[in-house]
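Notes for the structure review
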Amino acid sequence: MTPGADFDGFFAREIAPFIEKKEAERKLVVRRALWRALPVIAAGLLAFAVSSQVIESEDARGFALFGSFAVMIVGALMITSVMTWGRTFAEELSAKIFGHFGYLYSPKAPENFLAPFRQCSLLPGYDRASTEDHVLGEVDGVPFELAEAFLEKKVRRDKRDEYDLVFRGLVARYAFPKRFSGRTIVRGDRGFLNALGHAGAGGERVHLEDPRFEERFDVFSSDQVEARYLLTPAFMERLVQLADASDGPMQAAFDGNDLLLVIDGRRGYFAQPSPWKDLRQSNHIRAFVEDIAFIREIAETLKLDAATKV
C-alpha cells in the first residue's frame, strides 16, 4: 500500500468513528476519576489548613501535615486511571493507523533492539534507556525496523543522583541492497569536540572527495575500499539530503548487511493526544501521519529499493 493512499477515506471510515466512540469513553473515565479523587484531595487540603493553624505542638503538627500530604497523594493517584486509559487508547489508535500503511506496530521495542546501534557507537553513553513505538514493515520491498529511544545519563548533583537527557529520537534499521562484510560508520561532524567521540567508532578514518559531505560527516571503516564502494558520490549526496530533511543530528552505519540510522530530534515522534483533552481534534493525526511519511522518505531519499542506484 502506498502511504497516504486513501487516508482521508480510511480516516472517515474507521478512525473518526473510533475516536468518537473513545471520546465518549474518555469523558466517562475522567468524570469517574475526578469524582473519586477530588473529595480526597479536598479533605487533604482541609486537614493541612486546619493542622497548620490549630495544632500547637510541633511534633503533632508535623505528623498531621504528613498525614494530610499523604491523603492528597492518594487522591492524586486515583487520577492515574485516566493516564492508563490514555496509554491503551494511544496503542489502539497507533496500531490502526500504522496498519493502514502496512506496518506492524507494538508499544515497546524488543529488549536488545538498541544493541547494534550501541555497538557501532551511534548513541551517546547512557545509564537508563526506554523505547516505544516499535514499527516493522517494508518500503517498496525494503525491510525496516525502527523505534523511538529515550536515553538518560546519570549525574551527581547536590549529593544526589539525577538523570540528564542525552538522546531522544528515532533509531532505525533498513536492509541495504549492496552486500558488504565490514563495518563503516558515518558520524555527524561536530568539529574538534566530536573527535573525542570517535574513539568508539573503530576502524580508520576514510577521506572522501565530496567536500559538502566531508563538512557534515566523518567516516570510519574497517575496510577503506569497501567504504568507498558503499559511499558513492550519488549516495553521499542522498545522505546529505536526508540529513537536511531530518529534524536533528543524524548518524549512520553500515553493519550486518543493514543501514543503521540515528536521528536525535529531541522530541517525541508519533505523538498521541492527551486523555485530558477532546480526542476529536485532528491536529495530532496530521502530525502522526507526517511522522509515518518520514519512514518512507528515508528509503526513497536514499533509493534503497534499487541496488543499481546506490
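Placed above this text is the structure.
Here is a short report on the structure shown in this document. (Residues numbered from 1 in each chain as written. Predicted model: local features only at pLDDT ≥ 70, side-chain atom pairs only at ≥ 80, totals over all residues. Heavy atoms only, no water.)

**Quick notes on the packing of helix H8 (residues 233–245) against helix H9 (residues 283–302)**
Here is the rule: Note on geometry: axes are C-alpha line fits, over the in-contact stretch for helices, and angles between N-to-C directions span 0 to 180 degrees. Where helices and strands are cited, they refer to DSSP runs of H or I of at least four residues and of E of at least two residues respectively, numbered from the N terminus. Between 65 and 115 degrees an angle is taken as roughly perpendicular, under 35 as roughly parallel, over 145 as roughly antiparallel, and anywhere else as oblique. With the far helix as reference, a near helix turned anticlockwise by less than a right angle produces a left-handed crossing, and one turned clockwise produces a right-handed crossing. Any two residues whose heavy atoms approach within 4.5 Å are treated as being in contact. Polarity classes work like this: nonpolar for Ala, Val, Leu, Ile, Met, Phe, Trp, Tyr, Cys and Pro, charged for Asp, Glu, Lys and Arg, and polar for all others, with Gly in that last group.
Following both chains from N to C, one finds H8 and H9 inclined at 155°, their axes separated by 8 Å at the closest point. When the axis of H8 is compared with that of H9, the two are roughly antiparallel. Both H8 and H9 take part in a crossing whose hand is right-handed. Packed against H8, whose contacting residues are Phe235, Arg238, Leu239, Gln241, Leu242 and Ala245, the element H9 presents Phe294, Glu297, Ile298, Thr301 and Leu302 at the interface. Its residues placed into classes, the contact of H8 with H9 shows seven nonpolar, two polar and two charged.

**Description of the environment of Tyr163**
Our working rule: Relative accessibility thresholds used throughout: buried, under 20% of the residue-type maximum; exposed, over 50%; partly exposed, between the two (1.4 Å probe, protein chains only).
Within the fold, Tyr163 resides in strand E4 (residues 160–175). A relative accessible area of 30% means that Tyr163 is categorised as partly exposed. Through-space distance from the C-alpha of Tyr163 to that of Glu152 is 5.7 Å; in sequence the pair is 11 residues apart.

**Description of the pattern of salt bridges**
Note the cut-off: By definition here, a salt bridge exists when the distance from a side-chain nitrogen of Lys or Arg to a carboxyl oxygen of Asp or Glu is within 4 Å.
Evaluated as defined, the whole model comprises 23 salt bridges. Salt-bridge contacts for Arg160 lead to Glu162; the nearest nitrogen and oxygen are separated by 3.1 Å. A residue is classified by how much of its surface remains accessible, and Arg160, at 47% relative accessible area, is partly exposed. Judged by relative accessible area, which is 22%, Glu162 ranks as partly exposed. Of the charged contacts, one joins Arg280 and Asp278 as a salt bridge, the two residues approaching to 2.7 Å between their closest N and O atoms. Using a relative accessible area of 40% as the deciding quantity, one classes Arg280 as partly exposed. Through salt bridges that share partners, Arg157, Arg160, Glu162 and Asp164 make up one connected network.

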